[in-house]
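Each chain is listed here by its residues.
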Amino acid sequence: MKRKGDGCKRAMIRLVGVGKGQDIKTALFCILLALVAGSILLLFLGKNPLLAYKSILQGAGFFPKARYAGHRSMLTDFMSLLNYTTPMVFASLSVAIALRCGLFNICVSGMMIASGFIATVLLGYSALPAALARPLVVLVGLASGAAIGALIGWLKYKYNTNEVVVAIMFNYIISYVVSFFIQTKFVDPTTRQSLKIGQNARLTLFDQPVGNLKMEIPLVLPLAVVCVLLLSFLFSKARLGFELKAVGMNRKASRYAGISVGRTMVTSMVISGALAGLAGVSYYMGCFASIQPKVLPSLGFDAIAVALLGNSTPWGCFFASLLVMTISNGTTYMASTLGVLREIASLITGILLLFSACGAFLKGEADRFAEELEEERIAAVKGGRA
Amino acid sequence: MNSIVVDGMAFSLPLFIIAIGGIYSEGSGITNLALEGFLGFGAFSGGLAVALLGGAMPPGTSMYLAFLMAAVGGMVFAMLHAVLCIHFKANQVISGVVMNVLSSALTAFLANQINASVFGKASNKFMLEVSPRITISGLSRIPVLGGFFTSVYPFEFIVIVVALIMGYILYRTPTGMRIRSCGDNPQAVDAAGGNVARIRFGAVMVSGALAGLGGMCFAYSISTNFSPSIYAGFGYLSIAAMIFGNWRILPTFFACILFGFARSGGYYLVTKLELPSSYSDLVLTLPYVTTLVLLIFFSRSNRAPRALGEIYDKGKR
């Protein structure tokens, strides 16, 4: 009775999983596929993939390097990774909550610039004490992001404008307007970027002495974790989370069930915008201290794919952000030790995202295989009886 | 005054051809946010072909090779989107975004790698020949309209010819009818004996070819090289033009013209009023602001293809 394909099917079911835990297993399987594809690429370039992956981990602070400069160690590398991961966590959560409601927030980049710029102008050059300035920066970021989100949601609700197009338009308008103000008022003539903000408003402490090390301390990372926890609660326990999901799945059914579809969509865009705003201030006033005019941060677009890799769940987004930033952060070290081009980081990330886009298909296939095997088993049992 | 028309047309027409690509793909029911990636990959392929073979060709002809290879490159890359959306049943919006990320990563990597290993230089650019500009002597002296015949890029003629052919195919032939039906009612196409998956696959490939062509035009008109700066959002802008044009070719043409002329008019204004160059940033927002305002007025009557973004399921009623 046993056919040749059964072994393949069993392997697929084991790798991708069926039922509980399928999401995590699928994500891991996609990561595995991407690593295999990346290895082939590296072999093609004549490099040892194992060595390459090891040096990525070394660069990201998961694995000790051969030697370190003064005041640096594995811990400082890891803290640096966390520092760059923080805005990505906010940004991917921002995309995830909009996706939950069936909306596609492609405006994360624009919201990041807007909130980063507004907070920079209002507080970055002020002489407020750090204890006051930093919380205010967070609040301003939150508010300005939420305002843009509200506007996009309201336009969608009131005028039925396509939120993707509106978001794209906002991206460019914001980028150009901010660039105009930077170049006329706040430009640093040597770097051609906006003037550096003061240390009192910065959300990351750089070169902070801890023991004999000097490390980066991202002050808003705890806030990112809190956001993850809050969103987990919202999605699993709160009424609003359920309404978001219902509207995302079927707008008409939600309306018949008495959910105010318009209000729910606007709410989700407001939360999404607020999170994007946090991403903006933690990026432009944490990881960096100035804004480059006319450049939309690619982080805002990558966040869409990261949210997808994390299956739009809060913890998924958190770990997916960590993974993607590990690759991009660790590659600088790999590039220098192995002599590979730095661009390979985004390429490996791209391949990873490509495979994760096929995740739903893999899940479907695994379920189908499981069903087929089950049917065969039943048929075999029946055959045995007869 | 002529400069408004000249620059406006040089910007609008590539945008238009990319948008037609979008109409083909979305008209067949496959959401296409990947135009940005397609146009970049197309421009990369064209640039690569010129870098490899352009030296052996008589001067002035490498441009046509570039356009041909750009279309082929865009088409090949689009097949990835098609496979993901049609065979792997991926979410089409997400697949589109992934294509854009992948395209910019891949072209940046390949351009660096090929420049380093084949030509032995550290650069992420492929240089192109400067495109000739054609001025038709009699017609260019007509007041106002003369601008349409002054310093025209050769690609503008290519775009117009290709656009006419694509328009004819989409609205006047059985193939076009099938493509459009796939976007509105794929079940009906299936019942009539058409192969939905194959038609959609073809439509996405066409969109890749057209976007690649458009990307190459931008590479010639804006920078005369291929570099990662080609990813400047023209793909997204043409998506906006397409939606604004209600997924139909003629209204989309006017939307593209509007974008191009708003942009060139703004630049003209900056130079005319002798404003500092930083004011051009404000002017550059004009096409986007116009779109936004017009969208607010016209969105109520907007009608996307009915089956847009849905994975085709034979059993669905």
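Residues numbered from 1 in each chain as written. Chains lettered and ligands numbered in written order. Predicted model: local features only at pLDDT ≥ 70, side-chain atom pairs only at ≥ 80, totals over all residues.

A. Representation of the overall build of chain B. Looking only at helices and strands, one finds twelve helices and two strands in chain B. Listed N to C, the secondary structure of chain B is α-α-α-α-β-α-α-α-α-β-α-α-α-α in terms of helices and strands. Against the globule reference of 20 Å for 317 residues, chain B gives a C-alpha radius of gyration of 20 Å, in line with a compact fold. C-alpha extents for chain B along the principal axes are approximately 60 × 50 × 35 Å. (Helix = DSSP H or I, 4+ residues; strand = E, 2+ residues; numbered from the N terminus. Rg over C-alpha atoms; globule rule 2.2 N^0.38 Å.)

B. Representation of the overall build of chain A in the model. On a plain count of helices and strands, chain A comes out with 15 helices and two strands. Over its C-alpha atoms chain A spans a radius of gyration of 23 Å, differing by no more than 12% from the 21 Å that the globule rule assigns to 386 residues. Along the first, second and third principal axes, the C-alpha set of chain A runs to 90 × 60 × 35 Å. Looking at chain A as a whole, 50% of its 386 residues are labelled buried. Relative to all contacts within chain A whose residues are 6 or more apart in sequence, the contacts with residues 24 or more apart total 76%. (Buried ≥ 20, exposed ≤ 12 C-beta atoms within 10 Å, placed from the backbone. Contact = placed C-beta atoms within 7 Å.)

C. Fine view of the pairing of strand β1 (residues 204-210) of chain A. All names here are of chain A. Bridge count between β1 and strand β2 (residues 213-218): five bridges; the pairing is antiparallel. Within the sheet, the bridge partner assigned to leucine 205 lies in β2 and is isoleucine 217. The hairpin formed by β1 and β2 contains two residues between the paired strands, and glycine 211 there has a positive phi angle of roughly 60°. (Pairing = 2+ DSSP bridges.)

D. Highlighting helix α9 (residues 234-244) of chain B. Within α9(B), eleven of the eleven residues are buried, which leaves the element mostly enclosed by the surrounding structure. Within α9(B), the full set of buried residues consists of Phe234(B), Gly235(B), Tyr236(B), Leu237(B), Ser238(B), Ile239(B), Ala240(B), Ala241(B), Met242(B), Ile243(B) and Phe244(B). Contacts made by the buried residues of α9(B) are with α7 (163-185) of chain A together with α1 (2-27), α2 (35-53), α8 (196-223), α10 (249-272) and α12 (286-298) of chain B. The first or second residue beyond α9(B) is Asn246(B), which carries a positive phi of 60°.

E. Quick look at the packing of helix α6 (residues 130-159) of chain A against helix α11 (residues 261-287) of chain A. Across the interface, α6(A) lies against α11(A) with an axial gap of 6 Å and an inter-helix angle of 145°. Where α6(A) crosses over α11(A), the two elements pack in a sense that is right-handed. (Axes fitted to C-alpha atoms, helices over the stretch in contact; angles between N-to-C directions. Left-handed = near helix turned anticlockwise from the far one by under 90°.)

F. Here's a closer look at the interface of chain B and chain A. At the junction of the two partners, chain B supplies 36 residues and chain A supplies 37 residues. Those elements that provide at least two residues to the side of chain B that touches chain A are α4 (92-117), α9, α11 (279-284) and α12 of chain B. No other element matches α4(B), which puts 13 residues into the side of chain B that touches chain A. By residue class, the composition of the side of chain B that touches chain A is 24 nonpolar, nine polar and three charged. (Nonpolar A, V, L, I, M, F, W, Y, C, P; charged D, E, K, R; others polar.)

G. Layout of the confidence of the model for chain A. For chain A, mean pLDDT is 88; residues scoring 70 or higher make up 98% of the total. The weakest mean pLDDT in chain A belongs to helix α1 (residues 5-16) of chain A at 75; the strongest belongs to helix α8 (residues 221-236) of chain A at 95. (pLDDT = per-residue confidence, 0-100.)

H. Fine view of unusual backbone geometry. The phi dihedral of Arg192(A) is positive, around 60°, even though this residue is not glycine. Among the structural elements, Arg192(A) can be located in the loop between α7 and β1. With a phi close to 60°, Trp247(B) is a non-glycine residue in the positive phi region. Turning to its location among the elements, Trp247(B) is positioned in the loop between α9 and α10.

I. Quick peek at the domain arrangement of chain A. All names here are of chain A. In terms of domains, chain A is made up of domain 1 (1-47 + 340-386) and domain 2 (67-334). Computed from C-alpha atoms alone, the centre-to-centre distance between domain 1 and domain 2 is 32 Å. The interface of domain 1 with domain 2 comprises 13 residues on the first partner and ten residues on the second. Residue assignment for the side of domain 1 that touches domain 2 shows that the elements contributing at least two residues are α2 (22-44) and α14 (344-357). (Domains from an automatic or database assignment.)

J. Main features of the confidence of the model for chain B. Model confidence for chain B is summarised by a mean pLDDT of 88, while 100% of its residues fall at 70 or above. The complex prediction reports pTM at 0.88, with the ipTM value standing at 0.83.

K. Structural detail: the packing of helix α4 (residues 74-100) of chain A against helix α13 (residues 314-338) of chain A. Residues and elements named next belong to chain A. One way to put it is that α4 packs onto α13 with a least axis distance of 8 Å and a crossing angle of 135°. By the angle between their directions, the pair α4 and α13 is classed as oblique. Crossing of α4 over α13 shows right-handed handedness. Contacts between α4 and α13 involve Ser80, Leu81, Tyr84, Thr85, Met88, Val89, Ser92, Leu93 and Ala96 on the former and, on the latter, Pro314, Cys317, Phe318, Ala320, Ser321, Leu322, Val324, Met325, Thr326 and Asn329. Counted by class, the contact of α4 with α13 contains 13 nonpolar, six polar and no charged residues. (Parallel < 35°, antiparallel > 145°, perpendicular 65-115°, else oblique.)

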